[in-house]
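The chain contents come next:
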Amino acid sequence: MSLNMQKESKMKPKSYQDQLMTPDIPEEPLVKVENLSKLFPLSKSIFSESRSFIHAVDGVSFSIKRGESLALVGESGSGKTTTGKLLVRLLEPTKGNIHMKLGDGGNTDIAHLRGGELKRFRRHVQMIFQDPYESLNPRRTIFDTIAEPLVVQNIGDLMEREQRVMELLTLVGLAPADTFIFRFPHELSGGQRQRVAIARALVVDPTFLVADEPTSMLDVSVRTGVMNLMQELADRLGVTYLYITHDLAVARYMSNKIAVMYLGKIVELGETEEVLQNPLHPYTKALLTAVPIPDPTLKRGIPDIKGSIAKPIDPEPRCRFFERCPRADKYCEDNDHPALLEISPGHFVACYHA
Amino acid sequence: MTENVLKVENLTMHYTTRAGEVSAVDDVSFELKKGHAMGLVGESGCGKTSIAATLLRLLPDNAIIKSGQVYLDGLELVGLKEEQMRKVRWNRISMVFQAAMNALNPVYKVGDQIIEAMETHGRVETNQQARQDIEALFELVGLEPKMLDRYPHEYSGGMRQRAVIAMALSCKPELIIADEPTTALDVIVQDNLLREMTALQKKLGMSMIYISHDIAVIAEVSDHIGVMYAGRLVEMGTSEQIFKRPLHPYTFGLMSAFPSIIGPKRELTILPGEPPDLLKPPPGCRFHPRCPYATEICTQEAPPFEEISAGHQVACYHPMEVSLDVT
């Protein structure tokens, strides 16, 4: 039977979405996103009839298993951060479902939660932001900052909260904790601030974390420490990450799966090393070629790509990468955006020429 | 032997603040040969931008050049009067700033801003001539001449950086200092710009100083690299020497902490601790609190900046003997 199935899949590659639907996946994923879209209206005037939309996230589907970490990479404007914000529900999707298996094991669609339900959901899902200079309130002590989620979620009393905050400070490497707990953000360095932001995200013991470029503002020598810390925490606490980054080298170290986004679409998805060693989409290839190499004796090729990223305002119903693609032809022009198809086991690409 | 376009000798610069004196640049010496590109790498606060500001004498009021000389083609700059310095600036040394967004005035057309810079520095005979010159410059940096009549907000990030580069080239300087020229840009745009800057530098025979925290960017554009730590130059050599045989433990630490997408996935090592507060820099070698090889002498006396092999200098009592092959 398995032989039969293999044959079948060779003849007609299964779309990524089909595969999400098939019940033979052994373990149900922690996060399952289906056809997720977020459109932002561009209103020229309040009286104008025809409204345009920015298609920031446009029919995206993926899943993340428990303990896995998925890196979302792409240029600025590709929709990475919007996707992240949709998953923690800082934004409400225009279309699509987000199924999450949280806490008591129930599988809920969190796409349109409101009020109390949304608040309960946030206990399981947290976000770490890019800029630790902006994301911490300068007037609040480290204790107030880290304990805030506990206050919002009404967990524990003051003594318990203090103990929990001390525990987390030690966990994120700000030891001895009692020398940090009553300081203010301005007394900390960038790396220490980002550790505080990580502690704040972890204080409610979340199952799923969205990290939006958490190390891009940090210096090299400090960055590695924060990267290693996040990996260690993933192993120790069993946290599942969505790691958003523009830096492919960082993604290589922080994820086991990688999804490449371009103008609101996932164009390639697979195991991190597989995608980096054997990229199939022309956009992924160009991105990889463009990464500077810390070795003066090696010469990179020239990335094969035209122009620069545009805004996805009411995009044409064809491949989003059409304008910049070196391989685009008549077929790409006349057909819809290609589906994300499985080319080799676990490696999905949305390209007619892959 | 080509001659030096720039020679910096024992440059020391402090900022006076209410909390005390910040030792931002401490006893830095280096030379740059004509037509070469040098990279200065280091983390934020290590003094790399302060050095650039000192070379151009674009320092805030609280900065004091304590000692040292800067020779541009034999002309000493530190002792120059502001009026004379103004003739050097832009005409002989110009700078590409990090935040191209802030380097351009949003309410003037980009072309007019460049003409203004040229006028100020006496490079305009007739407006028509200037216009032609800038159109040629725009083509050189890969911008359409019609963009001259646009405002900065009509430019994308990469285009703005190109316009700033065109501005830096407008007075045909001998030396351009590029301070994190591509830091805010996406990789594909960055790749494009770095390629063009390198090609321009070769074509026009200019000398360049690239300043960046990103060792991979520096590796690609520079012939020589200076590594800075806490206001001091700790290592200097050709790009290959620095990347293949780093001598200073800090340089080695930077390399091993840097993730790469090529080669086998190796473990990233952590440099313990954080860069020191330059209000009270540690005595002796400024790296000693974070250095795994530090001995007593390191805590007492600053190591001299010495040449270990041809063209490869280091300030360390215990230089490393490693050979790195990234691939």
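Rules used in this analysis
- Residues numbered from 1 in each chain as written.
- Chains lettered and ligands numbered in written order.
- Predicted model: local features only at pLDDT ≥ 70, side-chain atom pairs only at ≥ 80, totals over all residues.
- Heavy atoms only, no water.
- Salt bridge = Lys/Arg side-chain N within 4 Å of Asp/Glu carboxyl O.
- Helix = DSSP H or I, 4+ residues; strand = E, 2+ residues; numbered from the N terminus.
- Buried < 20%, exposed > 50% of the residue type's maximum accessible area, 1.4 Å probe, protein only.
- Contact = heavy atoms within 4.5 Å.
- Buried area = accessible area lost by both parts, 1.4 Å probe.
- Polar contact = N/O pair within 3.5 Å; in protein donor to acceptor, adjacent residues only side chain to side chain.
- Core = buried A, V, L, I, M, F, W, Y, C linked by side-chain atoms within 4.5 Å.
- Pairing = 2+ DSSP bridges.
- Lys, Arg positive; Asp, Glu negative; His and termini not counted.

*Asks:* Talk me through the pattern of salt bridges; I want residue IDs and the actual numbers.
*Replies:* Taken as a whole, this structure holds 30 salt bridges over all chains when the rule is applied. A salt bridge links A:Lys257 to A:Glu68; its shortest N-O distance comes to 3.9 Å. Here A:Lys257, found in strand E9 (residues 257-262), pairs with A:Glu68, found in the loop between strand E2 (52-64) and strand E3 (69-73); they are 189 residues apart in sequence, far enough to count as distant. Across the pair B:Arg232 and B:Asp26 runs a salt bridge, and its minimum N-O distance is 2.7 Å. Of this pair, B:Arg232 sits in strand E10 (residues 232-238) while B:Asp26 sits in strand E2 (residues 20-33), placing them 206 residues apart in sequence. Exposure class is identical for B:Arg232 and B:Asp26. Each is buried. Taken together, the shared-partner salt bridges in this structure form one network comprising B:Glu3, B:Lys34, B:Asp73, B:Arg92 and B:Glu174.

*Asks:* Got a sec to walk through the interface of chain A and chain B? Specific residues and values, please.
*Replies:* In this complex, chain A contributes 39 residues to the contact, which on the side of chain B involves 37 residues. Interface area, chain A with chain B, both sides summed: about 3,600 Å², of which 61% is carbon and sulfur. Of the charged contacts, one joins B:Lys244 and A:Asp295 as a salt bridge, the two residues approaching to 2.9 Å between their closest N and O atoms. Taken together, the links from chain A to chain B amount to 15 residue pairs in polar contact (both at pLDDT 80 or more). Within the residue set of the side of chain A that touches chain B, elements represented by two or more residues are helix H7 (190-202), helix H8 (220-237), helix H9 (248-254) and helix H11 (282-290) of chain A.

*Asks:* Lay out the nonpolar core with the relevant residues and their values.
*Replies:* Ranked by internal contacts, the top residues of the largest apolar core, which has 97 residues, are B:Leu6, B:Phe30, B:Phe138, B:Ile177 and B:Ile209. Sorting elements by how many residues they give to this core places helix H6 (residues 157-169) of chain B first, with 7 residues. Those residues in contact with B:Phe30, other than ones at most four positions away along the chain, are B:Leu6, B:Lys7, B:Val8, B:Met38, B:Ile51, B:Ile209, B:Leu233 and B:Met236. Counting residues in hydrophobic clusters, the runner-up holds 41 residues, among them A:Val196, A:Leu202, A:Val203 and A:Val250.

*Asks:* Go over the pairing of strand E1 (residues 4-17) of chain B with me, naming the residues and quoting the values.
*Replies:* In the case of a regular strand, side chains alternate between the two sheet surfaces. Residues and elements named next belong to chain B. Where E1 and E2 come together, 10 bridges link them in antiparallel fashion. For Leu6, the partnering residue across the bridge sits in E2 and is Leu32. In this structure, the hairpin formed by E1 and E2 is closed by a connection of 2 residues. Pairing geometry for E1 and strand E4 (residues 63-72), over 8 bridges, is antiparallel. For Glu9, the partnering residue across the bridge sits in E4 and is Gln69.

*Asks:* Account for the environment of A:Val222, with residues named and values stated.
*Replies:* Inspection of the secondary structure assignment puts A:Val222 in helix H8. Linking A:Val222 and A:Glu342, residues 120 residues apart in sequence, is a C-alpha distance of 38 Å. Setting aside residues no more than four positions away along its own chain, A:Val222 makes contact with A:Gly191, B:Glu43 and B:Glu274.

*Asks:* Go over the environment of B:His121 with me, naming the residues and quoting the values.
*Replies:* All names here are of chain B. By secondary structure assignment, the location of His121 is in the loop between helix H4 (110-120) and helix H5 (127-140). In this structure His121 comes out as buried when scored by relative accessible area, which is 18%. Sequence separation between His121 and Asn91 is 30 residues; the distance between their C-alpha atoms is 6.7 Å. Apart from the residues within four sequence positions on either side, His121 is in contact with Arg86, Arg89, Trp90, Asn91 and Cys171.

*Asks:* Kindly report on the side chain of B:Lys48, identifying the contributing residues and their values.
*Replies:* Residues and elements named next belong to chain B. Looking at the element boundaries, Lys48 is found in helix H1 (residues 48-55). It turns out Lys48 is buried and unbridged, and the closest side chain with the opposite charge, Glu180, is 4.1 Å from it. When neighbours within four sequence positions are excluded, Lys48 is seen to be in contact with Leu40, Val41, Gly42, Glu43, Glu180, Ile211, Ser212, His213 and Met228.

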